[in-house]
Amino acid sequence: MIPWSPEGLATVISARLSPEVDLDASLTGAVIDSRQAGPGTVFVALPGERADGADFVDDAVRRGSPLAITSRPVSGPYALVADPAAALRQMAEVSLQRIRLVNRYLRVIAVTGSVGKTTTKDLLARIAGAAGQTVAAPGSFNNQLGVPLTVVQAGPETAYLVLEMGASHRGEIADLARIAPPDVGVVLNVSLAHLGEFGSTEAIGQAKAELVAGLARYGVAVLNQDDRRVAAMVFDTPGEVVTFGFDSTADIYGFDLATDGPGYVSLSAADQRHLTETRVQTRLVGKHLGIDVLAALAGAVAAGLDLRHAGAALRDVRPASPHRMAVWCLPNGSTLVDDSYNASPWSMREAIGTAGRLARQAGRPAVAVIGSMLELGARSERAHRTVALWLARDGFERLIAVGEETRPLAEEAVNQGLKASQVEHLADTSGLAELLATLPGEPYVLLKGSNAVGLWQVADELTAGLETVANEPVDLGSAGVSPQIWDVDKILAEPESAAQLAEPVYGPTLDPLTPADQPNQPSRPSRPDQLDEFDQFDQLDQPDPLDATDQFDQSDPLGPSDALDQPDPPDSQGGP
């Protein structure tokens, strides 16, 4: 951040300074947790449900903070405002404007989508970090607090600012884009995450489109051509459009998607505008993460980087954020597939498919520990019952269902053929870590559920002191396979037989790119006659490509502005 003076900051955020403020202090950052305060950092004292940040101003000052932003007078140096969170957002917005005045080469790259945001953001940060000084959102800082906290970390020497933007209501992404107008806006997908809040997938799509509608001048929209709702956002953006997908007409075209023995995903990608290709071998577990890799490559190209350099930066990349398809060997011989950060129907399906396939290839039993999927509204029961079909399809031999919403899942699992003795329902995670640590038979154990269920805490307990490891080197034989199509929207909307629901449909073969016979110009979707008849343009009963529309490790991150089932960023508070 370009240093602020207390008086300059007070002017921007319309604050009144207390007499204790050192007017010669240099302000170079912001925190909302007093334990993170230090010399030069502004402590933003947020009122919270569990604690009032104003009570911890003294702690922040003791740690070196020269100024606190509060909504009530306190002892020590403070700037008094009506709304500290709004002041933080204003501070971030003006800070970025000041940086752009002295650094016209800065590129702001923002990612949104129903699921896969954090993984794609992490991949983009890896690519950007290999090209220049990069500031990226930690974990899933993607809401009204997380985005400005990330923005204020940028400074005059920052080359790339990589952000993640999420929402649970219309207008929230537009607000975030006003704080940090993206030079590159990447939209991954539109699916059922937060359906209970938005009411329909169309409303979710409209919210995600706010990112590309709010691009900076000369900004570029990077759109998933394999997702019909995202492809239609070409009509929502004033900027240039770069498409990506496993459709061979996409600008950044993916092909030869594969997983190896440990389940690591690899793919080839071609930049059809610049006629370059790359092959990327990652250490990300699960074929469904291929679309996130492709999206990151496309975002990098849109930011002006060469596809081959971007691909090289992702070679052997591992998950950067915790609880996202991390594989662990436990002391009892079990293999834990930890995808516990969050869950939606799409990500649940992908995690089940990946863990089941790995267990089958290793010749070991598969156990599913499934926590409630929250924020699904009226579709919640059907969504949970559908999970039982996926478990049956992928040969899971035992189910431990956690949370009230999973009662229908436990019931349906028995209907789908699991023995009643092998299905267990728990109200919460109490004692779960001890149970999993003693499972016989060295099974593969999938841990997956919404953040608020707390399965990630179970994973932390089980893996304390361990290191992530690969699975056994078995041949999955998946090189060059076609993506499997699962129409989850239809499953949740219309009652059908278990046989129909369990029968996969396969899309077109993914052929390797031959530059001579591939078009250099991407196709564009036809505009629907009336945008308010979007449902006619994008029927929910049409299949969505597995590896393009709805994959994803976990979807939703920090705080109520993107996930009501997840904790807020840490309240402003002091340490012990």
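Residues numbered from 1 in each chain as written. Predicted model: local features only at pLDDT ≥ 70, side-chain atom pairs only at ≥ 80, totals over all residues. Heavy atoms only, no water.

A.B. asks: Just checking my understanding: could you explain the overall build of the chain for this structure?
C.D. replies: When its secondary structure is counted, the chain shows 19 helices and 22 strands. Counting over 576 residues, the chain shows a buried share of 61%. For the chain, long-range pairs separated by at least 24 residues make up 71% of all intrachain contacts whose partners lie at least 6 apart in sequence. Approximately 20900 Å² of the chain is accessible, and the part contributed by carbon and sulfur atoms is 50%. (Helix = DSSP H or I, 4+ residues; strand = E, 2+ residues; numbered from the N terminus. Buried < 20%, exposed > 50% of the residue type's maximum accessible area, 1.4 Å probe, protein only. Contact = heavy atoms within 4.5 Å. Areas by Shrake-Rupley, 256 points an atom, 1.4 Å probe, with all protein chains shown as cover.)

A.B. asks: Would you explain the sheet that holds strand 9 (residues 184–187) in this entry?
C.D. replies: Read from one edge to the other, the open sheet built from nine strands follows the order 7-8-6-9-10-11-12-13-14, with strand pairing classed as mixed. The two strands at the open ends of the sheet, each matched to only one other strand, are strand 7 (134–136) and strand 14 (276–285). Strand-to-strand twist of the sheet, defined as the mean angle between neighbouring strand axes without regard to direction, takes the value 20 degrees. The sheet contact formed by strand 13 (residues 264–271) and strand 14 spans seven bridges and is antiparallel. Within the sheet, the bridge partner assigned to Ser-266 lies in strand 14 and is Gln-281. (Pairing = 2+ DSSP bridges. Axes fitted to C-alpha atoms, helices over the stretch in contact; angles between N-to-C directions.)

A.B. asks: Would you mind going over the sheet that holds strand 19 (residues 423–426) with me for this structure?
C.D. replies: Strand-to-strand pairing in sheets goes through backbone hydrogen bonds, with the strands running parallel or antiparallel. Pairing in this open sheet of six strands is mixed, and the strands run 15-16-20-17-18-19 from one edge to the other. Of all strands in the sheet, those with a lone pairing partner are strand 15 (326–329) and strand 19, marking the two edges. When the angles between neighbouring strand axes are averaged without regard to direction, this sheet yields 15 degrees. Sheet topology places strand 16 (residues 335–338) next to strand 20 (residues 444–448); four bridges connect them, and they run parallel.

A.B. asks: Quick question: what am I supposed to make of the packing of aromatic side chains here?
C.D. replies: When we look at a pair of aromatic rings, we describe it by the centre distance and by the angle of the planes. This structure, assessed with the given rule, holds one aromatic pair. Arg-98 extends its terminal NZ or CZ atom over the ring of Trp-4, reaching a point 4.4 Å from the ring centre. (Phe/Tyr/Trp six-rings, centres within 6.5 Å; stacked < 30°, edge-to-face > 60°. Lys NZ or Arg CZ within 6 Å of the ring centre and 35° of its normal.)

A.B. asks: I would appreciate a short explanation of the pattern of salt bridges in the present structure.
C.D. replies: Once the charged atoms of two side chains with opposite charge are near each other, the side chains can pair. Inspection of every chain in the model, using the stated rule, returns 20 salt bridges. Between Asp-33 and Arg-35 there is a salt bridge; the shortest N-O distance is 2.9 Å. According to the relative accessible area criterion, Arg-35 is partly exposed, its value standing at 36%. The residue Asp-339 makes a salt bridge to Lys-448 at a minimum N-O spacing of 2.8 Å. Residue Asp-339 is located in the loop between strand 16 and helix 12 (345–362), and its partner Lys-448 is located in strand 20; the two are separated by 109 residues in the primary sequence. (Salt bridge = Lys/Arg side-chain N within 4 Å of Asp/Glu carboxyl O.)

A.B. asks: I tried to follow helix 3 (residues 84–102) on my own but got confused; where do I start?
C.D. replies: In an α-helix, one turn spans 3.6 residues, which is why side chains three or four residues apart end up on the same side. A rise of 1.5 Å per residue sets the reference length of helix 3, with its 19 residues, at 27 Å; its end C-alpha atoms lie 27 Å apart and thus fit the reference within 8%. For helix 3, the side-chain oxygen to backbone nitrogen distance between the N-cap and Ala-85 is 3.1 Å, and the N-cap itself is Asp-83. (Expected span 1.5 Å × (residues − 1). Polar contact = N/O pair within 3.5 Å; in protein donor to acceptor, adjacent residues only side chain to side chain.)

A.B. asks: Can you walk me through the nonpolar core in this structure?
C.D. replies: Grouped burial of nonpolar side chains is what soluble globular proteins tend to show. Leu-9, Ile-69, Leu-161, Leu-163 and Leu-223 are the most contacted members of the largest nonpolar core, which has 57 residues in total. Looking at this core, the element that brings in the most residues is helix 3, giving eight residues. Once residues lying within four places of it in the same chain are set aside, the contact partners of Leu-163 are Val-108, Ile-109, Ala-110, Val-111, Lys-121, Val-147, Thr-150, Val-151 and Ala-180. (Core = buried A, V, L, I, M, F, W, Y, C linked by side-chain atoms within 4.5 Å.)

A.B. asks: How should the environment of Thr-28 be read in this particular structure?
C.D. replies: Looking at the element boundaries, Thr-28 is found in the loop between strand 1 (16–17) and strand 2 (29–31). For Thr-28, a relative accessible area of 37% gives the class partly exposed. Considering only alpha carbons, one finds Thr-28 and Trp-4, 24 residues apart in sequence, at a separation of 6.6 Å. The residues touching Thr-28, leaving out its near neighbours within four places in the chain, are Met-1, Pro-3, Pro-39 and Gly-40.

A.B. asks: Help me understand unusual backbone geometry, please; the structure alone is not making it clear to me.
C.D. replies: Residues other than glycine predominantly adopt negative phi, and peptide bonds predominantly adopt the trans conformation. Its identity is not glycine, yet Asp-316 carries a phi of approximately 65 degrees, on the positive side. The phi angle at Met-325 is positive, at roughly 50 degrees, despite the residue not being glycine. Along the chain, Met-325 falls in the loop between helix 11 (307–313) and strand 15.

A.B. asks: Explain the side chain of Ser-18 to me, please; I cannot follow it from the model alone.
C.D. replies: With respect to the helices, strands and loops of the structure, Ser-18 is situated in the loop between strand 1 and strand 2. By relative accessible area, Ser-18 is classed as buried at 5%. Within the structure, Ser-18 has its side chain in polar contact with the side chain of Glu-20 (distance 3.0 Å). What Ser-18 contacts, discounting residues up to four positions off in sequence, is Gly-76, Pro-77 and Tyr-78.

A.B. asks: When you look at the packing of helix 1 (residues 6–13) against helix 3 in this model, what are you seeing that I'm missing?
C.D. replies: Packed helices, taken two at a time, are described by the angle between their axes plus the distance between the axes. Two elements in contact, helix 1 and helix 3, have axes separated by 9 Å at closest approach and are oriented at 110 degrees. Compared by their axis directions, helix 1 and helix 3 come out roughly perpendicular. The chirality of how helix 1 crosses helix 3 is right-handed. Here Leu-9, Val-12 and Ile-13 of helix 1 come into contact with helix 3, specifically with Ala-87, Gln-90, Met-91 and Val-94. Class assignment of the residues belonging to the contact of helix 1 with helix 3 gives a composition of six nonpolar, one polar and no charged. (Parallel < 35°, antiparallel > 145°, perpendicular 65-115°, else oblique. Left-handed = near helix turned anticlockwise from the far one by under 90°. Nonpolar A, V, L, I, M, F, W, Y, C, P; charged D, E, K, R; others polar.)

A.B. asks: Looking at this structure, I do not really get the pairing of strand 11 (residues 240–245). What am I missing?
C.D. replies: For a regular strand, the rule is simple: side chains alternate between the two faces of the sheet. Of all the six residues making up strand 11, five are buried; the element is thus mostly covered by neighbouring parts of the structure. By the bridge criterion, five bridges tie strand 10 (residues 220–224) to strand 11 in an arrangement that is parallel. For Asn-224, the partnering residue across the bridge sits in strand 11 and is Phe-244.

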